[in-house]
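# What the coordinates show
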Amino acid sequence: RAAEAGASLVVLPEKWPYIHGPRPLEGAEPLDGPAVSASRYWARELGIAVLCGSLIEARDEGLPCNTSVLVAPGGEVVATYRKLHMFDVDVGGVSYRESAATAPGAEVVVAPVLGRRVGMSVCYDLRFPELYRALMLGGAEIVVVPAAFTEATGRDHWEPLLRARAIENQAFVLAAGQYGTHDDGTVSHGRSMIVDPWGVVMAQVPDGEGVAVADLAFDRLADIRRRLPALR
């Protein structure tokens, strides 16, 4: 649907192949497993770049990682990012302890695709502005935020945080969020959206499943950075 609408970069949500389960390793797969393989296939077949949201990456040693993979239109993997900030919080009557089943990454990742620089982040990372400023120091023009924001936090924080990251970093923000009730009863907020460097929401998925598509005007990004040189 996104490719038919003219999209050249498609961003999938956090843990789109699998999100919850009773055992930490359930749903984990290697980087050459079905999730990344599917994303590489879609990229080749549709001629698009694909941000393979995130998956539970199985590793030979230690806990798995919450890992995001960027795929170029030819199907080649151009970047891999492992989520830095673990979601260890108590919200909506639920205790989340991501660190109990997942190891954090250690690197900030900015990668080239479609002639642009893409900064990578995942869900809870959104609350840490220092990460996004580091992405700007790496030359990012676009920031991707695959997520599964809880309904409790998402209804009040999702859009304000996305718009803040766009405004303070003068970058496009592409945020894909899971929507609906999961098998364990937790609820994800959804409302995937695309925000421009001025903080304007260009496109948004209403409650439910869907696709948000927008044209990114990089001349507008350059003009905003020139006229309001906050990054300098």
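Everything discussed here concerns the structure shown above.
Since the structure is predicted, the reported quantities are computational estimates derived from the model, not experimental observations. (Residues numbered from 1 in each chain as written. Predicted model: local features only at pLDDT ≥ 70, side-chain atom pairs only at ≥ 80, totals over all residues. Heavy atoms only, no water.)

## Details of the nonpolar core
Core analysis: the biggest nonpolar cluster contains 44 residues, and L70 and L162 have the highest contact counts within it. With 13 residues, the next largest nonpolar core counts A2, V10, I48 and L55 among its residues. (Core = buried A, V, L, I, M, F, W, Y, C linked by side-chain atoms within 4.5 Å. Buried < 20%, exposed > 50% of the residue type's maximum accessible area, 1.4 Å probe, protein only.)

## Remarks on the pairing of strand β14 (residues 201-204)
Across 3 bridges, the pairing between strand β13 (residues 193-195) and β14 is antiparallel. Residue I194 lies in a different strand from β14, and its bridge partner there is A203. With antiparallel pairing between neighbouring strands as the criterion, β13 and β14 make up a hairpin whose turn holds 5 residues, including G199 at a positive phi of roughly 90 degrees. (Pairing = 2+ DSSP bridges. Helix = DSSP H or I, 4+ residues; strand = E, 2+ residues; numbered from the N terminus.)

## What to know about the layout of surface pockets
Taken as a whole, the largest pocket spans an internal volume of roughly 1100 Å³. Taken together, 48 residues line the largest pocket, and the ones lying closest to its centre are A2, V10, V11, V211 and A212. Those elements that provide at least two residues to the lining of the largest pocket are β1 (9-11), α1 (34-46), β8 (116-120), β10 (172-177) and β13. Considering every element that reaches the lining of the largest pocket, the biggest residue donor is β10, with 4 residues. Class assignment for the residues of the lining of the largest pocket results in 34 nonpolar, 8 polar and 6 charged. (1 Å grid on protein atoms, 1.4 Å probe; cavity = no way out; pocket = protein on both sides within 12 Å on 5 of 7 lines; lining within 4 Å. Points joined across faces, edges and corners; volume = space filled by probe spheres on them. Nonpolar A, V, L, I, M, F, W, Y, C, P; charged D, E, K, R; others polar.)

## Considerations on the sheet that holds strand β2 (residues 49-57)
Within the open sheet, the 4 strands sit side by side as β1-β2-β3-β4. Their pairing is mixed. Either end of the sheet is taken by a strand with one partner, and the two such strands are β1 and β4 (77-82). For this sheet, the mean inter-axis angle between neighbouring strands, taken without regard to orientation, is 20 degrees. The pairing of strand β3 (residues 65-71) with β4 spans 5 bridges and is classified as antiparallel. (Axes fitted to C-alpha atoms, helices over the stretch in contact; angles between N-to-C directions.)

## Here we look at the sheet that holds β10
Pairing in this open sheet of 6 strands is mixed, and the strands run β7-β8-β9-β10-β13-β14 from one edge to the other. At either margin of the open sheet sits one strand with a lone partner, and together these are β7 (110-113) and β14. Direction aside, the axes of adjacent strands within the sheet are offset by 20 degrees on average. Seen against the sheet, helix α2 (residues 129-137) touches β7, β8 and β9 (142-147) and runs at an angle of roughly 140 degrees to β9. (Contact = heavy atoms within 4.5 Å.)

## Describing the packing of aromatic side chains
Under the counting rule described, the total for this entry stands at 6 aromatic pairs. Ring centres of F172 and F218 lie 5.3 Å apart, and the angle between their planes is 70 degrees; this geometry places the pair in the edge-to-face category. Of the two residues, F172 sits in strand β10 while F218 sits in helix α4 (residues 218-227), which places them 46 residues apart along the sequence. By relative accessible area, F218 is classed as buried at 17%. An aromatic cluster is defined as three or more aromatic residues linked by ring pairs; in this entry it consists of F87, Y96, Y124 and F128. The aromatic ring of F218 is capped on one face by R116, whose charged end is 3.9 Å from the ring centroid. (Phe/Tyr/Trp six-rings, centres within 6.5 Å; stacked < 30°, edge-to-face > 60°. Lys NZ or Arg CZ within 6 Å of the ring centre and 35° of its normal.)

## Thoughts on the environment of T80
With respect to the secondary-structure elements, T80 resides in strand β4. Taking the C-alpha atoms as reference points, T80 and I194, 114 residues apart in sequence, are found 22 Å from one another. Ignoring sequence-local partners within four residues, the contact set of T80 consists of L31, T67, S68, V69 and V109.

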